Amino acid sequence: LGSVKKGCVFISVGRGDVVDEDALVQALDREQLGGAALDVFHTEPLPSASKLWGRPNVLISPHNADMPGEYIAVRWKVFMDLLGRHRRGGAP
């Protein structure tokens with residue numbers, strides 16, 4: 001990440017273990033990266049304590065490239081859990 005053009009946007013849709021998330025946060029903090037769009041993480045779902053949450057220059061999407069039979073029910077539960085946390089003033 002230190003060798004990329006300053007200000008570029010990092011996009012990750014491959015495998016979560018490929019990206020060093022701590023190095024990614026550092027690159028964002030020192031503005032080596034202008035932003036990031038992330039669909040995969042080392043731990044999924046992304047832990048609420050992750051320093052990637054809440055950054056205006058980071059887009060976090062749900063890792064949902066596949067759609068197993070229980071997809072809708074599982075995602076609905078996750079959505080409702082996150083909505084409940086938000087309504088109670090907590091982090092996602």
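So, here's what we can say about the structure.

Parameters and conventions
- Residues numbered from 1 in each chain as written.
- Predicted model: local features only at pLDDT ≥ 70, side-chain atom pairs only at ≥ 80, totals over all residues.
- Heavy atoms only, no water.
- Pairing = 2+ DSSP bridges.
- Helix = DSSP H or I, 4+ residues; strand = E, 2+ residues; numbered from the N terminus.
- Right-handed = clockwise from strand over helix to strand, strands pointing away.
- Phe/Tyr/Trp six-rings, centres within 6.5 Å; stacked < 30°, edge-to-face > 60°.
- Core = buried A, V, L, I, M, F, W, Y, C linked by side-chain atoms within 4.5 Å.
- Buried < 20%, exposed > 50% of the residue type's maximum accessible area, 1.4 Å probe, protein only.
- Contact = heavy atoms within 4.5 Å.

### Notes on the pairing of strand E1 (residues 8–12)
One ladder, built from five bridges, connects E1 with strand E2 (residues 33–38); its direction is parallel. For Cys 8, the partnering residue across the bridge sits in E2 and is Leu 33. On the question of chirality, the crossover connecting E1 to the parallel E2 by way of helix H1 (residues 21–29) is right-handed.

### Quick notes on the packing of aromatic side chains
Using the criterion set out here, one finds one aromatic pair in the structure. Judged by centre distance (5.6 Å) and plane angle (35°), the rings of Trp 76 and Phe 79 are tilted. Here Trp 76 pairs with Phe 79, and both are found in helix H2 (residues 71–87), just three residues apart, close to one helical turn.

### Structural notes on the nonpolar core
With 12 residues, the main nonpolar core is built from Val 19, Leu 24, Val 25, Ala 27, Leu 28, Leu 33, Ala 36, Leu 38, Phe 41, Leu 46, Leu 52 and Val 58. Breaking this core down by element, the ones donating at least two residues are H1 and E2. For this core, the element with the most residues is H1, which contributes four residues. Every residue in contact with Val 19, bar those within four places of it in the chain, is listed here: Phe 10, Ser 12 and Leu 24.

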